[in-house]
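# Architecture and fold: a report
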Amino acid sequence: MPDPHPAAGEEAALAAAGEQAALAAAGEQAALAAAYRVGSADIPLWPDGQRIDALSAPLMASTHFADHPRYHAALAATILEMEQSPAYRDWIFKGGCGMKVRRPDRWGNPAADLIHGRALAFAHRVLSQHDVYTDDCWASVYRDGQYCLPHSHLRSNVSIVYLLDEGDPDPDDPMAGQLVFADPRIPHCCQQERGRVTSLLKPEMTPGTMIVFASDYVHTVGPYRGHRPRMTMSWNVTIKRLAGNAAASFL
Ligand SMILES: [Fe+2]
């Protein structure tokens with residue numbers, strides 16, 4: 001039975017333990033900082049007035065971080081550095097969505113922590129303030145000729161993609177390196193007949209844009225052509241912490 005009159009030190013320890021238990025019971029969004037220090041700048045997790053725009057599909061939305069020039073150089077440099085580590089780099093094949101650089105939330109880097117926090121904060125808002133958990137996350141570095149075959153993401157409730165660097169444009173192919181959705185559950189894709197995909201949904205994305213979508217929507221990235229690497233980041237987010245291995249759950 002707990003002592004009804006704990007000493008001051010014990011009281012503080014009990015309070016800290018209580019706080020830890022509350023955090024453990026809450027989603028990962030509860031542990032996010034209000035701001036992250038990247039270089040000499042304190043960058044807010046969720047800027048004042050940050051807008052979320054619905055896209056033309058259920059459970060699909062977009063937001064744009066206008067302050068991206070404050071952290072993009074640091075983030076891109078970190079991804080390229082972590083790509084050199086065998087612990088994080090993960091090559092599948094040419095159509096397997098670029099070179100994956102896994103788990104930016106484990107790099108211990110402030111720019112990566114900021115964008116990871118923003119992804120969770122975005123999911124938390126889109127999911128009506130529900131608790132959210134990271135099932136998996138990774139950066140993707142596309143180089144010339146690499147692409148992403150149509151796929152959807154297993155296990156998670158929503159997935160998030162962030163555009164860090166769009167790379168070089170391809171004058172012969174405006175769809176080069178573009179993320180598009182082709183799914184019979186998206187009304188925009190089925191404008192002629194319900195359930196029959198005759199159009200692609202291509203969200204407007206510029207550097208700093210983050211989109212969220214239901215993880216089972218089928219999507220693809222066209223072959224990228226260019227010299228500068230095209231860089232995106234992805235998250236699979238759940239509303240309950242899942243057991244088991246996420247690594248095999250996506251293309
Ligand atoms: Fe994907």
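First, a word on what this report is: a plain description of the structure on this page. (Residues numbered from 1 in each chain as written. Predicted model: local features only at pLDDT ≥ 70, side-chain atom pairs only at ≥ 80, totals over all residues.)

## Some remarks on the sheet that holds strand E12 (residues 219-221)
If you trace the three strands from one edge of the open sheet to the other, you get E8-E12-E10, paired in antiparallel fashion. The open sheet has two free edges, formed respectively by strand E8 (148-151) and strand E10 (179-181), since each of these has just one partner strand. Neighbouring strand axes in the sheet, compared pairwise and without regard to direction, differ in orientation by 15° on average. In this sheet, E12 lies alongside E10 in antiparallel orientation, the contact comprising three bridges. Across the sheet, the residue bridging to Val-180 is Thr-220, located in E12. (Pairing = 2+ DSSP bridges. Helix = DSSP H or I, 4+ residues; strand = E, 2+ residues; numbered from the N terminus. Axes fitted to C-alpha atoms, helices over the stretch in contact; angles between N-to-C directions.)

## As for the nonpolar core
Counting residues in hydrophobic clusters, the biggest one holds 49 residues, and the most contacted among them are Ile-115, Ala-119, Ala-123, Ile-160, Tyr-162 and Val-212. Among the elements that line this core, the one with the most residues is helix H3 (residues 110-126), at nine residues. Apart from the residues lying within four places of it in its own chain, the contact partners of Ile-160 are Ala-119, Phe-122, Ala-123, Met-210, Ile-211, Val-212, Ser-234, Trp-235 and Val-237. (Core = buried A, V, L, I, M, F, W, Y, C linked by C-beta atoms within 7 Å. Buried ≥ 20, exposed ≤ 12 C-beta atoms within 10 Å, placed from the backbone. Contact = placed C-beta atoms within 7 Å.)

## Brief notes about the packing of helix H2 (residues 72-83) against H3
Two elements in contact, H2 and H3, have axes separated by 8 Å at closest approach and are oriented at 105°. Comparing the axis directions of H2 and H3 gives the class roughly perpendicular. Residues Ala-74, Leu-75 and Thr-78 of H2 form the contact with H3, whose participating residues are Ala-111, Ala-112 and Ile-115. Along the lines of polarity and charge, the residues of the contact of H2 with H3 split into five nonpolar, one polar and no charged. (Parallel < 35°, antiparallel > 145°, perpendicular 65-115°, else oblique. Nonpolar A, V, L, I, M, F, W, Y, C, P; charged D, E, K, R; others polar.)

## Let's talk about the sheet that holds strand E5 (residues 89-90)
Spatial ordering of the open sheet is given by E3-E4-E11-E9-E13-E7-E6-E5, a layout of eight strands whose pairing is antiparallel. Strand pairing shows two members of the sheet lacking a second neighbour, strand E3 (53-54) and E5, which therefore form its edges. Bridge count for strand E4 (residues 60-64) against strand E11 (residues 209-214) is five bridges, and the pairing is antiparallel. The partner of His-64 across the bridge, within E11, is Thr-209.

## Quick notes on H2
With 12 residues, H2 should reach 16 Å at 1.5 Å per residue; the first-to-last C-alpha distance of 16 Å fits that figure. In the core, the buried residues of H2 are packed alongside strand E6 (99-102), H3, strand E7 (133-142), strand E9 (158-165) and strand E13 (230-238). (Expected span 1.5 Å × (residues − 1).)

## Description of H3
Here H3 is 17 residues long and its end C-alpha atoms lie 24 Å apart, about the 24 Å a rise of 1.5 Å per residue gives. Across the 17 residues of H3, 13 count as buried, placing the element largely inside the fold. The first or second residue beyond H3 is Ser-128, which carries a positive phi of 50°.

## Notes on the environment of Gly-222
Note that Gly-222 resides in the loop between E12 and E13. For Gly-222, a count of 18 C-beta atoms within 10 Å translates into the label partly exposed. Expressed as a C-alpha distance, the spacing of Gly-222 and Cys-148, which sit 74 residues apart in the sequence, is 6.5 Å. Ignoring sequence-local partners within four residues, the contact set of Gly-222 consists of Tyr-147, Met-175, Ala-176, Gly-177 and Gln-178.

## Brief notes about unusual backbone geometry
Positive phi values are uncommon outside glycine, yet Gln-129 reaches one of about 65°. Relative to the elements of secondary structure, Gln-129 occurs in the loop between H3 and E7. Phi at Arg-155 is positive, roughly 75°, even though this residue is not glycine. Relative to the assigned elements, Arg-155 resides in the loop between E8 and E9. C-beta crowding within 10 Å serves as the criterion here: with 16 such atoms nearby, Arg-155 is assigned to the partly exposed category.

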